[in-house]
Amino acid sequence: MALGSLSLFRALLFLSLTASALSTRPYKNGLSPDFYDYVCPQALPTIKRVVEAAVQQERRMGASLLRLHFHDCFVNGCDGSILLDPTPTIDSEKLAFPNNNSARGFEVIDQIKAEVDRVCGRPVVSCADILAVTARDSVVALGGPSWKVRLGRRDSMTASRTTANSDIPAPNMDLPALINNFKRQGLKVKDLVALSGAHTIGFAQCRVFRDRIYNDSNINHAFAKNLQSSCPRTGSDTNLASLDPSPARFDTLYYNNLLTQKGLLHSDQALSTDESTLELVKSYSYDYDAFWKDFAKSMVRMGNIKPLIDNQGQIRSNCRRVN
Ligand code: HEM
Ligand SMILES: *[C@@H]1O[C@H](CO)[C@@H](O)[C@H](O)[C@H]1NC(C)=O
Ligand SMILES: *[C@@H]1O[C@H](CO)[C@@H](O)[C@H](O)[C@H]1NC(C)=O
């Protein structure tokens, strides 16, 4: 009798787990926040733990990890393609202009992948999902908003340096080019303004803001002069400047600075060049709540770009190469 009710309990538990598993596809692109809840409940806490440790060791790592997810999603969707190393058959995106000697954090992703596969007992968490969760945990670690990451992405078996070069926006772009670039990803003007707020953290190299500090007219004079001292007309290409005055804090200073023509990149300052975006910049500059809400919403929208799902692609055992 006792055995019978235990079996019944097991059967009911099985049914409810199956029902939950079936209900994990509530969104039209096939992703769901509870995707790993039954397969590996330790996956997300493990990612968070490694991200927190990495950010504690070097604050900038939070920025670098956030950027990896962006550069992954803008090249044929969020499919982990940015993580593939070059081989004779892999046209590595790491060598594309926006990434070469710029994208960083790959070792942290390797470490997360190893830890997650260890706690899960087998490779069930995709590298693409690791990038999406890592981006969220990085923002939280630097004091920013949190959001539910939709999961279930699978990993690509290809990469494209050409697409990385053409589809990742460039720092010399004007507003119409930026709007068009985001539009081609299915993202709106509001997503552009909110997601550019990611530049509230992290750094940029002299070579990407040199033209701005010597040639742009919509730049604060003292701000430009000051930057010129560490970014001469020639040489010192890799010297760093922070993208806003508090590069380890997810605050609204990025937008405040745009209002005083102290955006570091030409593409940053471009957001103040038209009423359509300037209005949003102004409201984000004094309204944490609005910025955080819209940033979180737009991160989810960016994370939804063209995921591989179901039996598409694969779950890589090593994020750097196809199985
Ligand atoms: C709107 C168009 C964008 C352009 C043109 C752009 C361009 C750039 C450039 C040129 C850098 C400096 C790279 C270097 O010097 O090595 C940079 C850094 C960064 N970008 Fe963007 N970006 C854009 C949007 C975004 C978005 C949407 C995100 C994330 C949601 C993002 C996150 C970051 C972060 C966090 C850094 C600092 C990285 C670090 O310190 O390692 N960016 N971006
Ligand atoms: C990437 O950077 C290295 C220097 O670290 C350089 O030698 C190489 O030519 C660059 N590759 C591309 C494709 O630009
Ligand atoms: C600024 O503009 C001039 C004239 O178009 C150009 O020669 C120069 O390379 C640009 N960049 C810098 C850093 O001076």
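Above this text is the structure in question.
Just so it is clear, the structure is predicted and the values come from calculations on it, not from any experiment.

> An account of empty space enclosed by the protein is requested, with residue identities and associated values reported.
Taken as a whole and assessed by the stated rule, the structure comprises one cavity of 30 Å³ or more. In this structure, the largest cavity occupies an estimated 60 Å³ of space. Residue lining of the largest cavity: His 69, Ala 132, Trp 147, Lys 148, Val 149, Arg 150, Arg 153, Met 299, Val 300 and Asn 304, and that is the complete set.

> Could you give me a rundown of the site of ligand 3, with the residues and numbers involved?
Every residue lining ligand 3 is accounted for by Arg 210, Asp 211, Tyr 214, Asn 215 and Arg 233. Take Asn 215: an N or O atom from its side chain is 2.3 Å from an oxygen atom of ligand 3. A distance of 2.8 Å separates an oxygen atom of ligand 3 from a polar side-chain atom of Arg 233. For ligand 3, whose unbound accessible area comes to 360 Å², protein coverage reaches 41%. Looking at the shell around ligand 3 residue by residue, the classes come out as one nonpolar, one polar and three charged.

> Hey, could you go over the side chain of Asp 79 for me, with residue numbers and the actual values?
Here Asp 79 lies in the loop between helix H3 (60–73) and helix H4 (106–120). Comment: no salt bridge for buried Asp 79; closest opposite-charge side chain is Arg 316, at 5.8 Å. Not counting residues up to four positions away in its chain, the partners in contact with Asp 79 are Asp 72, Ala 128, Arg 154, Asp 155, Ser 156, Leu 308 and Arg 316.

> Could you give an account of the site of ligand 2, with specific residues and numbers?
Taken together, Leu 95, Asn 100, Asn 101 and Arg 161 are the residues near ligand 2. Between ligand 2 and Asn 100 there is a distance of 2.5 Å, counted from an oxygen atom to a side-chain nitrogen or oxygen. When ligand 2 sits alone it has 360 Å² of accessible area, and the protein chains cover 42% of it. Its residues assigned to classes, the shell around ligand 2 comprises one nonpolar, two polar and one charged.

> Describe the packing of aromatic side chains, with residues and values.
Aromatic rings considered in pairs are described by the distance between their centres and by the relative angle of their planes. For the coordinates displayed, the defined rule picks out 12 aromatic pairs. Seen in terms of ring centroids, Phe 74 and Phe 182 are 5.0 Å apart; in terms of plane orientation they differ by 65°. Their pairing is edge-to-face. With a gap of 108 residues between them, Phe 74 in the loop between H3 and H4 and Phe 182 in helix H7 (residues 175–183) connect regions that are remote in the sequence. Of the residues examined, Phe 182 reaches a relative accessible area of 5% and is grouped as buried. Taken together, the ring pairs in this structure connect Trp 147, Phe 250, Tyr 254, Tyr 255, Tyr 284, Phe 291 and Phe 295 into an aromatic cluster. Positioned above the aromatic ring of Phe 106, the side-chain terminus of Lys 94 is 4.2 Å from the ring centre.

Parameters and conventions
Residues numbered from 1 in each chain as written. Chains lettered and ligands numbered in written order. Predicted model: local features only at pLDDT ≥ 70, side-chain atom pairs only at ≥ 80, totals over all residues. Heavy atoms only, no water. 1 Å grid on protein atoms, 1.4 Å probe; cavity = no way out; pocket = protein on both sides within 12 Å on 5 of 7 lines; lining within 4 Å. Points joined across faces, edges and corners; volume = space filled by probe spheres on them. Near = heavy atom within 4 Å. Polar contact = N/O pair within 3.5 Å; in protein donor to acceptor, adjacent residues only side chain to side chain. Areas by Shrake-Rupley, 256 points an atom, 1.4 Å probe, with all protein chains shown as cover. Nonpolar A, V, L, I, M, F, W, Y, C, P; charged D, E, K, R; others polar. Helix = DSSP H or I, 4+ residues; strand = E, 2+ residues; numbered from the N terminus. Buried < 20%, exposed > 50% of the residue type's maximum accessible area, 1.4 Å probe, protein only. Lys, Arg positive; Asp, Glu negative; His and termini not counted. Salt bridge = Lys/Arg side-chain N within 4 Å of Asp/Glu carboxyl O. Contact = heavy atoms within 4.5 Å. Phe/Tyr/Trp six-rings, centres within 6.5 Å; stacked < 30°, edge-to-face > 60°. Lys NZ or Arg CZ within 6 Å of the ring centre and 35° of its normal.

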